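Observations on the three-dimensional arrangement
Here are the chains, one letter per residue:
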Amino acid sequence: MPLEESFHYLLLGLSLVSIVLTSGVVWRVEKRLDTSAKLLLAANILFAVGIFFDLLKFYNLLPGWDWDKLVKAMFLVFFTLGMYEMRALVIDLEHADESDGKQRPVMRR
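Parameters and conventions
Sequence positions are assigned chain by chain, starting from 1 and proceeding in written order. Residue-level local features of this predicted model are given only where pLDDT is at least 70; pairs of side-chain atoms are given and counted only at 80 or more, and the full residue set underlies all totals for whole chains, interfaces and linings. The side-chain quantities take in all heavy atoms of the structure and omit both hydrogens and water. By convention, a stacked pair of Phe, Tyr or Trp rings (six-membered ring in the case of Trp) has centres within 6.5 Å and planes under 30 degrees apart, an edge-to-face pair has planes over 60 apart, and any other such pair is tilted. Counting from the N terminus, the helices are the DSSP runs of H or I reaching at least four residues and the strands are the DSSP runs of E reaching at least two. Type-normalised accessible area, obtained with a 1.4 Å probe on protein chains alone, sets the label of each residue: buried when under 20%, exposed when over 50%, and partly exposed for intermediate values. Note on method: axes are straight lines fitted to C-alpha atoms, helices fitted across the in-contact stretch only, with angles between N-to-C directions ranging 0 to 180 degrees. Convention used here: angles under 35 degrees read as roughly parallel, angles over 145 as roughly antiparallel, angles from 65 to 115 as roughly perpendicular, and any remaining angle as oblique. Note on convention: the crossing is left-handed when the near helix lies turned anticlockwise from the far helix by less than a right angle, right-handed when the turn is clockwise. Put simply, Ala, Val, Leu, Ile, Met, Phe, Trp, Tyr, Cys and Pro go in the nonpolar bin, Asp, Glu, Lys and Arg in the charged bin, and everything else, Gly too, in the polar bin. Think of a salt bridge as a Lys or Arg side-chain nitrogen and an Asp or Glu carboxyl oxygen that are within 4 Å of each other.

Glancing now at the packing of aromatic side chains. Enumeration over the complete set of coordinates arrives at three aromatic pairs. Seen in terms of ring centroids, Phe47 and Phe75 are 6.0 Å apart; in terms of plane orientation they differ by 55°. Their pairing is tilted. Taken together, the residues Phe47 in helix H2 (residues 31-58) and Phe75 in helix H3 (residues 67-100) connect sequence positions 28 residues apart. What makes Phe47 partly exposed here is its relative accessible area of 34%. Seen from their ring centres, Phe75 and Phe79 are 5.8 Å apart, and the 20° between their planes marks the pair as stacked. In this pair, Phe75 and Phe79 both sit in helix H3, four residues apart, roughly one turn of the helix. Ring-pair connections join several aromatic residues into one group, and the members of that group are Phe47, Phe75 and Phe79.

Remark: helix H1 (residues 3-28) packs on H2, axes separated minimally by 9 Å, with the N-to-C direction vectors making an angle of 160°. Between H1 and H2, the interaxial angle falls into the category roughly antiparallel. Crossing of H1 over H2 shows left-handed handedness. Of the residues belonging to the contact of H1 with H2, the class tally is 16 nonpolar, six polar and five charged.

Pairs can form between side chains of opposite charge whenever their charged atoms are close. Summed over all chains, the structure comprises one salt bridge. Ionic pairing is found between Lys38 and Asp34, a salt bridge with its closest N-O pair at 3.2 Å. Of this pair, Lys38 and Asp34 both sit in helix H2, four residues apart, roughly one helical turn. Accessibility expressed as a relative area gives 46% for Lys38, which makes it partly exposed. Classification of Asp34 by relative accessible area gives buried; the value is 15%.

Printed below as a string of structure tokens:
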């Protein structure tokens, strides 16, 4: 098995693990965190689809169109929207803590 093929299978396996882990989060959270996790899950699925397309191109089963550019663009859109939603949620939580008069300790490494 060529190195490139092995690498594609490794990436596909890791992306499937990421999909399972992210979908586990989606089942356990609610409201805005749920929206963020769903967007990140969609990004993970798109990444896995992109790797699958790479494998199909490797075996010459898919025409040589630039699928990866479209998949990368869609991945970036969903990932960015998911992180934006997560960021907004964290900022709202910080403002809620400040209005309660509670200050959370900052963890430093």
